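Each chain, letter by letter, is given below.
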Amino acid sequence: MLPLELLSLVCGYLPKPNLKQVRQVSKIWERAAVPWLFDEIFISQNMADLRIAKLVILHFKQYIRTLVFSTVYYTELSRESFDEQFDCGFDGEFDGESDIDSDSHKSQSDHAFAIYCIARKNQQANLIDGSASAYLSFALTSSANIRKIVLTDTSSSRVMSRQSLQAYEPRSSKACPIKQCDLKDTDHIPHAMRHFGLSQEGFTNPWRLVLLALSATSANVKELTMEPSDMELSTNTAGFSMSPEKLSQAQLCFNTLTKIRFSLNVDTDRFSTKVETRHVHRNVAKLLRSAINLESLSLNLTNEPGVGMSEYSTLQSILGRCRFPKLRSLTLVLLASSEAELLRLLKHSRNLEQLTIRGHDLTEGLWLRVAAWIRASLPLLKHAEFNSLFGGFEEPWADTEYADQYGHVGDFLFGQGENPFTTKALEKYDADIKA
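Okay, so let's go over this structure. (Residues numbered from 1 in each chain as written. Predicted model: local features only at pLDDT ≥ 70, side-chain atom pairs only at ≥ 80, totals over all residues. Heavy atoms only, no water.)

A word on the overall build of the protein chain. Within the protein chain, the secondary structure is distributed over 18 helices and twelve strands. Here the contacts in the protein chain between residues at least 6 apart in sequence split such that 78% fall between residues at least 24 apart. By element, 50% of the accessible surface of the protein chain is carried by carbon and sulfur atoms, the whole surface being about 21500 Å². (Helix = DSSP H or I, 4+ residues; strand = E, 2+ residues; numbered from the N terminus. Contact = heavy atoms within 4.5 Å. Areas by Shrake-Rupley, 256 points an atom, 1.4 Å probe, with all protein chains shown as cover.)

Taking burial as the measure, the five residues of strand β9 (residues 354-358) include four buried ones, the bulk of the element. Here five bridges tie strand β7 (residues 329-333) to β9, and the two strands are oriented parallel to one another. Of the residues in β9, the one forming a bridge with L332 is I357. Taken together, the five bridges between β9 and strand β11 (residues 383-387) define a ladder with parallel strand orientation. (Buried < 20%, exposed > 50% of the residue type's maximum accessible area, 1.4 Å probe, protein only. Pairing = 2+ DSSP bridges.)

One finds L67, F262, L319, W367, I374 and F386 to be the most contacted residues of the largest nonpolar core, which totals 91 residues. A total of six residues in this core trace back to one element, the largest contributor, which is helix α11 (residues 206-216). If near-sequence neighbours (up to four positions away) are discounted, F386 is found in contact with L355, I357, W367, V370, I374, D404, V409 and F421. F82, A112, F113 and Y116 belong to the second-largest nonpolar core, a separate cluster that totals five residues. (Core = buried A, V, L, I, M, F, W, Y, C linked by side-chain atoms within 4.5 Å.)

Let us look at the packing of helix α1 (residues 4-11) against helix α3 (residues 27-37). Look at α1 against α3: their axes get within 8 Å of each other, and the N-to-C directions meet at 45 degrees. Classed by the angle they form, the pair α1 and α3 counts as oblique. Considering the relative orientation of α1 and α3, their crossing is right-handed. Contacts between α1 and α3 involve L4, L7, S8 and C11 from the first element and I28, W29, R31, A32, A33 and W36 from the second. Along the lines of polarity and charge, the residues of the contact of α1 with α3 split into eight nonpolar, one polar and one charged. (Axes fitted to C-alpha atoms, helices over the stretch in contact; angles between N-to-C directions. Parallel < 35°, antiparallel > 145°, perpendicular 65-115°, else oblique. Left-handed = near helix turned anticlockwise from the far one by under 90°. Nonpolar A, V, L, I, M, F, W, Y, C, P; charged D, E, K, R; others polar.)

This part is about the environment of R65. If you trace the backbone, R65 turns up in the loop between α4 (47-60) and β2 (66-70). The exposure class assigned to R65 is partly exposed, which follows from its relative accessible area of 40%. Residues R65 and F38 lie 27 residues apart in sequence; the distance between their C-alpha atoms is 8.6 Å. Among residues more than four places away in sequence, those in contact with R65 are D39, N145, I146, R147 and K148.

For the rest of this paragraph, the subject is the packing of α4 against helix α7 (residues 131-142). The geometry of α4 relative to α7 is characterised by a closest axis approach of 11 Å and an angle of 15 degrees between their N-to-C directions. Judged by the angle between their axes, α4 and α7 are roughly parallel. Handedness of the α4/α7 crossing: left-handed. Residues M47, L50, R51, K54, I57 and L58 of α4 lie in contact with α7, whose contacting residues are S131, A132, Y135, F138, A139 and S142.

The amide bond that connects E395 to the next residue, P396, takes the cis arrangement and shows omega of 5 degrees. Among the structural elements, P396 can be located in the loop between β12 (390-391) and α17 (408-413). Even without being a glycine, L334 presents a positive backbone phi close to 60 degrees. Here L334 is to be found in the loop between β7 and β8 (336-337). Residues other than glycine seldom take positive phi values, yet S388 does so here, at roughly 50 degrees. Position of S388 among the secondary structure elements: in the loop between β11 and β12. Residue classification places S388 among the partly exposed residues on the basis of a relative accessible area of 24%.

Printed below as a string of structure tokens:
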């Protein structure tokens, strides 16, 4: 006889499969379980996912809070390449020691390749006719309570909880386009290769699809996150090479965002010159500059081949003119800047409570002064991490890569130790490393 509110709290701790069972106990338990069971939808380039997402939206749109958009799709593979992936997918289960195993393996491989060809053909049709974009817009238009969009490069979205994953795994029936087949859809193709690669063409680039969908709808999304599992395959900045008209539309939706997590990887094949790269960065900067209500920002740039960090300051090009008066959490990974550029950004974010700087190259100035300024000027700071720092050290430590293995930065910032970037402190740090 617990109140519905307490039952709902209990359901919040249950995995998805349990919620399915709980939902069948009574109408009261169903009312408590359903909001947790359908709080996320999963959309990808595959029609099976799109159809399930549509059904969930039509019946449970009022409970949906998170939209997970997967960029994975079936890349074009030759039969030889497919067989190599197929063998890896079964982790050596078929070692060819017996004729029966070999024949069975060959039969399954033939069947899987036939399914793959059908799946790829259907998916290519979806990409050409814009089904993924249409479903994305439909989801944002129909589900007024969506507050978070997660862009991922995995078919089973690691950013979602394991419990959430369970709900999406059996995402098709036993029906198979090949006659006399009763295998479940997830058994046709090994998981290791069921979805392989990313679509980064202009009209199918996932970032572009998300930005255009946001600009074309009145969705009140607060969080925009990209969480790639493989940084080498991460969605690149090509999606931000928008025309001025499209860019101005996308800027409007950034005004309402309170949390942004970007992992950017410049497509050097498409944007081979510094001029083209700067054009993309300039568009990203314009979008971020309109995010005046931002409370949390995480910016991670993978290394850009052929562009030296010291000759091209990424922080200045993207965040140089940004002002985030409401910012409480800031994470900067693999950026380069001068001391003045970094402090200029921090001076407009005096309410910071969390600050993380990793893989940062200080092209001019000293980390000694940066740390001292942060300690004196950010009174609300509760958590800070400085790691893998380059540049910004005086001789003889000019070429030092500082890794804060002993927590010295935190000790200093919160009043329990000396500045870790003084000559004396660096000497002790070097001695500790050698020891």
